[in-house]
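# Residue-level structure breakdown
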Amino acid sequence: MKRIFFIIVFIIVICYLGISLWAIRKSYDNIEKIPYNTFGVVLGTSKYLHGGGLNAYFKYRIDAACFLFYQKKIRYIIVSGDNREKNYNEPKMMKKELISKGIPAYFIYEDFSGISTIHSVLRVYKIFNQKKFTIISQRFHNERAIFIGNCLGLDVIGFNAQSLSFDCKTQFREILARIKAIWDIFLSLKSRKIG
């Protein structure tokens, strides 16, 4: 039983650290060093927390997208997120926030079917015909998105939005998300790899 436990822990550690190491050269904190891409893709999250109040992950992603846009590191922004419920629309919330910060609406495109990171990344290629683009989210999320995009044959880099202090719940969710990403890429999406 102990042996099985250690094997599982080992696989989890390899999945988590492997994706971080994969993405390290394509994940940027410095605006001066990040290359220009025509499109930046903001990955969705809710504007508000379940208990009320502004979601800092949302705020920092919007701030990062604006920073890239105004520093001319991207020209257009795709806001990709969940829109499965009548009163919940991540892309609409993100677009509205970007416009309130002075970005003209005609530079912003909405993807209403970005229900997961893998869907968001795939749809940038399938719907917007882009093989090269910049992901905008927190570092841990960018690393997974870069890994997914690269495995699918896309030239994806990430700009790291400001993150929050260490959060056990978020880190645990990210571990599960990375394991699922590997599963989706190498099993579920094997036949759909982009050439």
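Everything in this summary refers to the structure shown in the same document.

So, how was this worked out
Residues numbered from 1 in each chain as written. Predicted model: local features only at pLDDT ≥ 70, side-chain atom pairs only at ≥ 80, totals over all residues. Heavy atoms only, no water. Buried < 20%, exposed > 50% of the residue type's maximum accessible area, 1.4 Å probe, protein only. Helix = DSSP H or I, 4+ residues; strand = E, 2+ residues; numbered from the N terminus. Arc of directions from axis to C-beta. Contact = heavy atoms within 4.5 Å. Polar contact = N/O pair within 3.5 Å; in protein donor to acceptor, adjacent residues only side chain to side chain. Phe/Tyr/Trp six-rings, centres within 6.5 Å; stacked < 30°, edge-to-face > 60°. Axes fitted to C-alpha atoms, helices over the stretch in contact; angles between N-to-C directions. Parallel < 35°, antiparallel > 145°, perpendicular 65-115°, else oblique. Left-handed = near helix turned anticlockwise from the far one by under 90°. Pairing = 2+ DSSP bridges. Right-handed = clockwise from strand over helix to strand, strands pointing away.

## Description of helix α3 (residues 90–100)
Taken residue by residue, α3 has Glu-90, Pro-91, Met-94, Lys-95, Glu-97 and Leu-98 as its buried positions. Axial view of α3: buried residues confined to an arc of 165 degrees, hence all on one face. Those residues of α3 that are exposed and angled more than 90 degrees off the buried face are Lys-92, Lys-96 and Ser-100. At its buried positions, α3 is contacted by β2 (39–43), α2 (56–70), β3 (76–80) and β4 (108–111). A distance of 2.9 Å separates the backbone nitrogen of Lys-92 from a side-chain oxygen at the start of α3, and that oxygen is part of Asn-89. Gly-102, located one to two residues past α3, shows a positive phi value of around 100 degrees.

## What to know about the packing of aromatic side chains
Counted by the stated rule, this structure contains 10 aromatic pairs. Seen from their ring centres, Tyr-57 and Phe-140 are 6.2 Å apart, and the 90 degrees between their planes marks the pair as edge-to-face. Separated by 83 residues along the polypeptide, Tyr-57 in helix α2 and Phe-140 in helix α5 (residues 139–151) bring together distant segments of the chain. With respect to burial, Tyr-57 and Phe-140 carry one shared label: buried. An angle of 70 degrees between the planes, with centres 6.1 Å apart, marks the rings of Tyr-109 and Phe-128 as edge-to-face. Of this pair, Tyr-109 sits in strand β4 while Phe-128 is found in the loop between α4 (117–126) and β5 (132–138), placing the two residues 19 residues apart along the sequence. The partly exposed category is assigned to Tyr-109, whose relative accessible area is 34%.

## Overview of the side chain of Asn-89
Among the structural elements, Asn-89 can be located in the loop between β3 and α3. The class for Asn-89 is buried, based on a relative accessible area of 16%. Side chain to side chain, Asn-89 and Asn-83 meet in a polar contact 3.1 Å long.

## Quick word on the packing of α2 against α3
Contact geometry of α2 with α3 gives a least axis separation of 10 Å together with a crossing angle of 50 degrees. As judged from the angle between their axes, α2 and α3 are oblique. The two elements α2 and α3 cross, and the hand of that crossing is right-handed. Between α2 and α3, the contacting residues are Phe-58, Ile-62, Ala-65 and Cys-66 on the first element and Met-93, Met-94, Glu-97 and Leu-98 on the second.

## With respect to the pairing of β3
In terms of burial, β3 is a largely internal element, 4 of the 5 residues being buried. Relative to β3, β2 runs parallel, the two being bridged by 5 bridges. Its bridge partner being in β3, Leu-43 is matched across the sheet by Ser-80. Traced from β2 through α2 to β3, the parallel crossover comes out right-handed. Of the strand pairs in this sheet, β3 and β4 are connected by 4 bridges, and their pairing is parallel. Paired with Ser-80 across the strands is Asp-111, a residue of β4. In this region the chain leaves β3, passes through α3 and returns to the parallel neighbour β4; the handedness of that crossover is right-handed.

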